[in-house]
Amino acid sequence: MCAILWVLYGAIFTLINTQRSSASILEKLDADPDLSQFSFMVKNNPEAKFTLEYKSVTVFAPINAAFQKYPKPIDESQFYLTLYHMGSLAKTTDQLATMTHINTELEGHPPLWITTKSDPNGNELYVNNAKILQDLSNIKAKNNGKEQVVHKIDEVLVPTTSPRTLASGLAKPNALDFLSQFETLDINPYRVRNFRQRVQQLQKQDVFRNMGTHTFFIPIDEGILHSDLIDNKTIDGHLIPKKVLFTAPTHRDIAFETTANGDNLKVYITFFQEPNDKTEAVYIKSETRVGDARHSPGVVISEIVKPNIPVENGVIHLIQKPLMVVDTTVNQFLQEKGEGPLSRFVEAIADTGDLGKDFLRTIERARTITLFAPSNAAWNRGTIKSVLGSPERMQEILYLHLVVDERLTKDQIMKNNKRQVYQAPTMNAGKNLYFNVATSGDDSVLTVEGGGVNATVIQANIAATNGIIHIIDRVLGVPYTTVYDKLQQDPMLNETFHLGSFGDFNAQLNNTKKKFTFFVPRDKAWADARLIQPSTVKKLFMRELGYYAQQILQRHLVESEVPYTMERLVKLTTNKTNSATRVPRKEVELQSLRSTLRISVEERQNHTYVIHWKGNRIPVFRPNVECTNGIIHVIDAPFLQEDDIRVIRDSGVGIFLSSNLLMVLLVKWLFL
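Every value quoted in this text rests on a predicted model; they were computed, and no experiment measured them.

## Overview of the packing of aromatic side chains
Turning to step 1, where the next piece is worked out: Counted under the stated rule, the structure contains 19 aromatic pairs.
Turning to step 2, where the next piece is worked out: On the basis of an interplanar angle of 85 degrees and a centroid distance of 6.1 Å, the ring pair of Phe195 and Phe208 is categorised as edge-to-face. You can see Phe195 sitting in helix H10 (residues 193-201) and its partner Phe208 sitting in helix H11 (residues 205-209), a full 13 residues away along the chain. Taken as a pair, Phe195 and Phe208 share a single burial class, namely buried.
Turning to step 3, where the next piece is worked out: Three or more aromatic residues joined by ring pairs form one cluster here, namely Phe345, Phe359, Trp379 and Tyr399.
Turning to step 4, where the next piece is worked out: When the ring centre of Tyr480 is taken as origin, the NZ or CZ atom of Arg474, which lies over that ring, is 3.5 Å away.
Turning to step 5, where the next piece is worked out: The lysine or arginine in question, Arg530, covers the ring of Phe541, its NZ or CZ lying 4.7 Å from the ring centre.

## Things to note about the nonpolar core
Turning to step 1, where the next piece is worked out: Judged by nonpolar contacts, the single largest core of 36 residues is most densely connected at Leu29, Leu52, Val59, Phe60, Val127 and Leu157.
Turning to step 2, where the next piece is worked out: Counting residues per element, this core draws most heavily on strand S1 (residues 57-62), which supplies four residues.
Turning to step 3, where the next piece is worked out: If we ignore the near neighbours within four places in the chain, the residues touching Val59 are Ile25, Phe38, Leu52, His85, Met86, Val149, Val150 and His151.
Turning to step 4, where the next piece is worked out: Ranked by size, the runner-up nonpolar core spans 34 residues in total, among them Ala348, Ala366, Met394 and Ala464.

## Thoughts on the packing of helix H15 (residues 354-365) against helix H17 (residues 391-400)
Turning to step 1, where the next piece is worked out: Taken N-terminus to C-terminus, the directions of H15 and H17 make an angle of 20 degrees; their axes are 9 Å apart at the nearest point. Comparing their axes, H17 and H15 come out roughly parallel. Where H15 crosses over H17, the handedness of that crossing is right-handed. Touching Leu355, Asp358, Phe359 and Thr362 of H15 are Pro391, Glu392, Gln395, Leu398 and Tyr399, all from H17.

## Brief notes about the pairing of strand S19 (residues 432-440)
Turning to step 1, where the next piece is worked out: Where strand S18 (residues 423-425) and S19 come together, three bridges link them in antiparallel fashion. Its bridge partner being in S19, Ala424 is matched across the sheet by Leu433.
Turning to step 2, where the next piece is worked out: The hairpin turn running from S18 into S19, its antiparallel successor, is six residues long, and Gly430 in that turn takes a positive phi close to 80 degrees.
Turning to step 3, where the next piece is worked out: Of the pairings in the sheet, the one linking S19 to strand S20 (residues 443-450) comprises seven bridges and is antiparallel in character. In the sheet register, Thr439 faces S20, and the bridge partner there is Ser444.

## Some thoughts on the domain arrangement of the chain
Turning to step 1, where the next piece is worked out: In terms of domain boundaries, the chain breaks down into domain 1 (25-153), domain 2 (169-327), domain 3 (351-472) and domain 4 (483-576 + 585-635).
Turning to step 2, where the next piece is worked out: On a C-alpha basis, the centroid separation for the pair domain 1 and domain 3 is 50 Å.

## Topic: the pattern of salt bridges
Turning to step 1, where the next piece is worked out: Enumeration over the complete set of coordinates arrives at 25 salt bridges.
Turning to step 2, where the next piece is worked out: Glu396 serves as the salt-bridge partner of Arg393, at 3.6 Å between the closest nitrogen and oxygen. Of this pair, Arg393 and Glu396 both sit in helix H17, three residues apart, which is roughly one turn of the helix.
Turning to step 3, where the next piece is worked out: Between Asp490 and Arg622 there is a salt bridge; the shortest N-O distance is 2.8 Å. Of the two residues, Asp490 is situated in the loop between helix H19 (483-489) and helix H20 (494-500) and Arg622 in strand S30 (residues 616-627); the sequence distance between them amounts to 132 residues.

## As for the sheet that holds S30
Turning to step 1, where the next piece is worked out: The seven strands lie next to each other as S24-S23-S31-S30-S29-S28-S27, forming an open sheet whose pairing is mixed. The outermost strands of the open sheet, each flanked by one partner alone, are strand S24 (557-559) and strand S27 (588-591). Here the strands of the sheet are splayed against their neighbours by 35 degrees on average, with no regard to which way each runs.
Turning to step 2, where the next piece is worked out: Bridging between S27 and strand S28 (residues 596-603) involves four bridges; their strand directions are antiparallel. Paired with Val588 across the strands is Ile599, a residue of S28.

## Observations concerning the environment of Asn432
Turning to step 1, where the next piece is worked out: For Asn432, the location among the structural elements is in strand S19.
Turning to step 2, where the next piece is worked out: Considered as a pair, Asn432 and Gly450 are 18 residues apart in the sequence and their alpha carbons are 6.7 Å apart.
Turning to step 3, where the next piece is worked out: With residues up to four places along the chain from it excluded, the contact list for Asn432 reads Gln423, Ala424, Pro425, Thr426, Glu449 and Gly450.

## Some remarks on unusual backbone geometry
Turning to step 1, where the next piece is worked out: Despite not being glycine, Asn128 shows a phi value in the positive range, around 50 degrees.
Turning to step 2, where the next piece is worked out: By the secondary structure assignment, Asn128 is in the loop between strand S5 (124-127) and strand S6 (130-131).
Turning to step 3, where the next piece is worked out: Of note in this structure, Asn138 is not a glycine but carries a positive phi near 60 degrees.
Turning to step 4, where the next piece is worked out: Of note, Asn138 is situated in the loop between S6 and strand S7 (139-143).
Turning to step 5, where the next piece is worked out: Overall, the relative accessible area of 27% leaves Asn138 in the partly exposed class.

## A closer look at empty space enclosed by the protein
Turning to step 1, where the next piece is worked out: The full count for this structure, using the stated rule, is seven cavities of 30 Å³ or more.
Turning to step 2, where the next piece is worked out: Computed from the structure, the second largest cavity encloses a volume of approximately 90 Å³.
Turning to step 3, where the next piece is worked out: Around the second largest cavity, the lining residues are Gly430, Lys431, Asn432, Tyr434, Glu449, Gly450, Gly451, Gly452, Arg622, Pro623, Asn624 and Val625.
Turning to step 4, where the next piece is worked out: Secondary-structure elements contributing two or more residues to the lining of the second largest cavity are S19, S20 and S30.
Turning to step 5, where the next piece is worked out: Considering each element in turn, the lining of the second largest cavity owes the most residues, four residues, to S30.
Turning to step 6, where the next piece is worked out: The residue makeup of the lining of the second largest cavity, split by class, is three nonpolar, six polar and three charged.

Parameters at a glance
- Residue numbers run consecutively from 1 along every chain, following the written order of its sequence.
- Two thresholds apply to this predicted model, a pLDDT of at least 70 for residue-level local features and 80 or more for giving and counting side-chain atom pairs, whereas whole-chain, interface and lining totals are computed over all residues.
- By convention in this description, side-chain values take in all heavy atoms of the structure and omit both hydrogens and water.
- Centres within 6.5 Å make a pair out of two Phe, Tyr or Trp rings, where for Trp the six-membered ring is used; the pair is then stacked when the planes are under 30 degrees apart, edge-to-face when over 60, and tilted otherwise.
- For helices the rule is a DSSP run of H or I covering at least 4 residues; for strands it is a run of E covering at least 2, with both sets numbered from the N terminus onward.
- Only protein chains enter the accessibility calculation, which uses a 1.4 Å probe; a residue whose area is less than 20% of its type maximum is buried, one above 50% is exposed, and one in between is partly exposed.
- Only when the NZ atom of a Lys or the CZ atom of an Arg is both within 6 Å of the ring centre and within 35 degrees of the ring normal do we say a charge sits over the ring.
- Throughout this description, the term nonpolar core refers to a set of buried Ala, Val, Leu, Ile, Met, Phe, Trp, Tyr and Cys residues connected via side-chain atoms within 4.5 Å.
- Only heavy atoms enter the contact rule, under which two residues are in contact if any of them lie within 4.5 Å.
- Axis definition: a line fitted to C-alpha atoms, limited for helices to the stretch in contact. Angles are taken between N-to-C directions and run from 0 to 180 degrees.
- Angle categories are assigned with fixed cut-offs, so that under 35 degrees is roughly parallel, over 145 is roughly antiparallel, 65 to 115 is roughly perpendicular, and the rest are oblique.
- Note on convention: the crossing is left-handed when the near helix lies turned anticlockwise from the far helix by less than a right angle, right-handed when the turn is clockwise.
- If DSSP finds at least two bridges between two strands, the strands pair.
- The domain limits used here are those given by an automatic or database domain assignment.
- Here, a salt bridge means any Lys or Arg side-chain nitrogen found within 4 Å of an Asp or Glu carboxyl oxygen.
- Cavities and pockets were defined on a 1 Å grid built from protein atoms only: a cavity is a group of points that admits a 1.4 Å probe but offers it no way out, a pocket is an open group of points flanked by protein on both sides within 12 Å along at least five of seven lines, and a lining residue is one with an atom within 4 Å of any such point.
- Grid points are joined across faces, edges and corners, and a volume is the space filled by probe spheres set on the points.
- Charged means Asp, Glu, Lys or Arg here, nonpolar means Ala, Val, Leu, Ile, Met, Phe, Trp, Tyr, Cys or Pro, and polar covers whatever is left, Gly included.

Below, the structure is given as structure tokens:
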């Protein structure tokens, strides 16, 4: 009896599956609740129903969520879109992955472009800018002997043409058709007359007419301030050849060659987005790496204001302003668009009131400048909120990001940094910026430190008529690390951090309930000390003698209620002999973790500092590196003397003793 039931169940299951597989594509669309919107459009378009009845097709079916993002209501005026979602011949996702395009059933058969995007979790497949939901795709059927397949997608496909343009004979436009007949297309509210006029004047129509697979960037009229700066090579710099790049499937921060590239000119284009930007705006970065007499090296950033316009020979993106053209000042760049990559920086300047206006006037009046501008994401970090309400503190921070009378490109900074750590004076009096370059193969990362904050340059060399802008990932001058973290992360303080790891010295530097002043020898200081005091330094860096390393470091560390800035130390160790002269006259006694540290500090005319300690003049390489629990002063020599560590040999065994410890033992012996 059980066997008969199992046979009966099997027969029913087979019958159901047979009926399911024999259902037409239209029936499957109608039965899928996630495709109800698209099914409604198909059923109301006679041409689409005829196509599904008699042709072999691939149907790209937008899910209902895709229609919720579509800006127009789904009514009779939109039913023509269904044929643009049907590709000639039935193709599975595996077959599509080997193709560049598939022609559609819309009049003129305009192509849909296929892109495979590499991903660590498996390749993604896109049709135009819509992602194919591969796990929900490859729904197959046969109708009148014709193979058919459905793929679900996450975005409605929109052709460049419309019923109105089709009636006028424009069925399959290429990029030149788009430019020439722009007014007949539904691309409101934008206009491209200025760029089109330059293309015609320079007879560059072939650039947009050439068949193939290309990506075109066309600036809108609003952003073209000086059309005479758009020349032949500039137009070439608006085309990426042999690649169709829609915004969704294109990887960010990958440079693509343009047709402007030649022996004497190298121009690359990159897609990028501001991290955590709620607007999801996509930007184009045009980088002239090798310039000529008319095209200076540098970066121009332009927002894509209308992306992903498909044409017969590729895709067009309308952009906010021309690429390669440097025709704005730094101030104009900062304020040219409300939601740009530096909009939060502009807000912070405005919120500083009159002091912020003074900052902008300083930028405008300077002959040339270099501005290190924090990205939008940089202003979201927690410690920033503590200073936003103080205009005076914000003024100090703003000027810390500004270098005047120098146009410092990334290459120039790297060149200056080759033999020594490059310093650039800022408009925050007495405060310098310090640079470090980390290189891996052909890639190099530039970091800048100011006011104890180390920031990475995430976008270099944005060119302006009066300077250079570098976008950085942190706000300088607002500390976010403890003394421990700073010591661990700073590439020029590795030796001191290593020395502190011999015992438990480093651990205390994480204590946020204390305030430290730490005089930290930089790596070069230890390298120089090895030449001057080779034996002492060698013993000091022997891990088995970690006790003595801690003793020496304790001499460099002061704990107090308020950390000692260099300015404060100068005041404490200087007498005013008259109104015009200041001379060092005394030492200040600082209670270090190892007895008393006696020093005096002088400020030189160039606003650098020198520490006087036991007859030694020790330059301060980086003063006032602020941390959340104190201040670091990076110095050019350790507080170390030759007799700080001595060797006593007994029975062939070497024992190392500091001179202070040796004295204690000697006194005890005398009193025995």
